[in-house]
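Chain and residue survey
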Amino acid sequence: MRFRHPDGSTVHLAYCTNVHPAETLDGVRAQLRDHCEPVRRRLGRDRLGIGLWLARDAARTLINDPAELRALRSELDSRGLEVVTLNGFPYEGFGADEVKYRVYRPDWTEPDRLAHTTDLARLLAALLPDDATEGTISTLPLAWRTPYDGDAEAARTARSALTTLAQRLDALAEMTGKSIRIGLEPEPGCTVETTADAIAPLTDVGHDRIGICVDTCHLATSFEDPATALDALAAAGVRIVKSQLSAALHAEDPHLPEVRTALAAFAEPRFLHQTRTSTAAGLRGTDDLDEAVAGRALPDSTPWRAHFHVPLHAPPAPPLTSTLPVLRDTLARLVGGPAPLTRHLEVETYTWQALPAELRPRTRTQLADGIAAELTLARDLLVDLGLKELP
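Residues numbered from 1 in each chain as written. Predicted model: local features only at pLDDT ≥ 70, side-chain atom pairs only at ≥ 80, totals over all residues. Heavy atoms only, no water.

1. Side note on empty space enclosed by the protein
What counts here: Computed over the protein atoms alone on a 1 Å grid, cavities are sets of points where a 1.4 Å probe fits but cannot get out and pockets are open sets with protein on both sides within 12 Å along at least five of seven lines; a residue lines them when it has an atom within 4 Å of a point. Grid points are joined across faces, edges and corners, and a volume is the space filled by probe spheres set on the points. Three classes are used, and their members are as follows: Ala, Val, Leu, Ile, Met, Phe, Trp, Tyr, Cys and Pro are nonpolar, Asp, Glu, Lys and Arg are charged, and the others, Gly among them, are polar. Secondary structure counts use DSSP, requiring at least four H or I residues in a row for a helix and at least two E residues in a row for a strand, with both numbered from the N terminus.
One pass over the full model with this rule turns up 4 cavities of 30 Å³ or more. What the largest cavity holds in volume is close to 170 Å³. Around the largest cavity, the lining comprises 18 residues; the ones closest to its centre are F94, V103, E187, H307 and Y350. Classifying every residue of the lining of the largest cavity by side-chain character gives 9 nonpolar, 5 polar and 4 charged. In this structure, the second largest cavity occupies an estimated 40 Å³ of space. Residue lining of the second largest cavity: P186, E193, T195, V214, D215, H218, L219 and E224, and that is the complete set. For the lining of the second largest cavity, the secondary-structure elements that each account for two or more residues are β7 (210-215) and α8 (216-221). Of the residues contributing to the lining of the second largest cavity, the split by class is 3 nonpolar, 2 polar and 3 charged.

2. Quick word on helix α10 (residues 257-264)
For clarity, the threshold we go by: Each residue gets one of three labels from its accessible area relative to the maximum for its type: buried under 20%, exposed over 50%, partly exposed in between, using a 1.4 Å probe on protein chains only. Relevant arc is that of directions from the helix axis to the C-beta atoms, nothing else. The contact rule is simple, with two residues in contact once any of their heavy atoms fall within 4.5 Å.
When we look at burial in α10, the residues that qualify are V259, R260, A262 and L263. The arc enclosing the buried residues of α10, seen along the axis, measures out at 160°, which places them on a common side. Away from its buried face, by an angle of more than 90 degrees, α10 presents the exposed residues P257 and T261. Residues of α10 that are buried in the fold lie against β9 (247-251), α11 (289-294), β12 (304-310) and β13 (320-322).

3. Structural notes on the pattern of salt bridges
For side chains bearing opposite charge, pairing can occur when the charged atoms are close. Note the threshold: Should a side-chain nitrogen of Lys or Arg be within 4 Å of a carboxyl oxygen of Asp or Glu, the pair is scored as a salt bridge.
Summed over the entire model, instances satisfying the criterion amount to 34 salt bridges. Taking the shortest distance from any N to any O, the salt bridge between R60 and D119 comes out at 2.5 Å. Highlighted residues: R60 in helix α2 (residues 56-64) and D119 in helix α4 (residues 111-127), separated in sequence by 59 residues. Under the relative-accessibility criterion, D119 is labelled buried at 7%. Residues E389 and R379 are paired through a salt bridge, measuring 3.9 Å at the closest nitrogen-oxygen approach. With E389 in strand β15 (residues 388-389) and R379 in helix α13 (residues 364-384), the pair connects residues that are 10 residues apart, well separated along the chain. By relative accessible area, E389 is classed as partly exposed at 23%. Connected through shared salt-bridge partners, D26, R29, E37, R40, R41, E68, E75 and R79 make up one network.

This is the structure we're talking about:
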């Protein structure tokens, strides 16, 4: 979906396909047929943006076979789908029964991360629509905090890898005319947990092609104020490459037994749901939601937020809610001003099948309806901010 900003530039809205597990190219093609095109049809659009997730095996198949890459580009066109952004955070196994900490490997100290991200950049340059010259890729925020934190050699290795990547992106732009940028995506529990944490490593790399991806669920989970966070990035000269529109789980009164019970229904074995609370002494947290609800790991006199991407249009029932207001405030700062701070927006609710059983979609039709509803909400927010939806 494309929108015209009042300044005349084009803002792209997509949804991320990591909600549909696929490790192979055949699996990606099945996603386009079974999910992405049906969502487009529900929205009544001739064209729909998707934030494609290409696992390692799918990416390598496309890199090694130019005919397969051309065929994928042709299939995207024929199904009315376009790609200007990729989700490069998960490497493989995102559809496994248990993902948890595995999603952070390989990290930016390991050669496979640089190789995979380079592949993704090359593929995105070939998949961009003919009238688009800029593409973006989100990636993990260097590494999970352990054992990285405090390791000077690991920091140097990661910085060197990002510098090498920037040089490769420069060469790719010169060769193809397509500008691809990478955004580190701050996430609770990682070396770069907040937008503030991203400033030092990104200014250290000091290259325009390496910036930040602002995920509004992660921003909210860490209790960051959108205005403060985005102003600090601007002051530091850190480019906002893309933003993922998502909402976290919010519990206003975690000391109440009924709230703990409601939260426990969202503690599930597949994904990590880091949980945070903001206290007078600073941010406190646990690595997963079950640790928080099971005992006294977190103080419960202040609200809790959990890294659980809940559907944008369907907040959980009371006594819980979502951080949709944080998304609204962030989006207003990102695209509601005289010029957009980023032109690539991506709805990323990958946890549809991790919701409590009574909330999960039971059929492809129900899932497509839900994703279409999320995109409709995002579209309405953009229109309310003065953007005009394009055909």
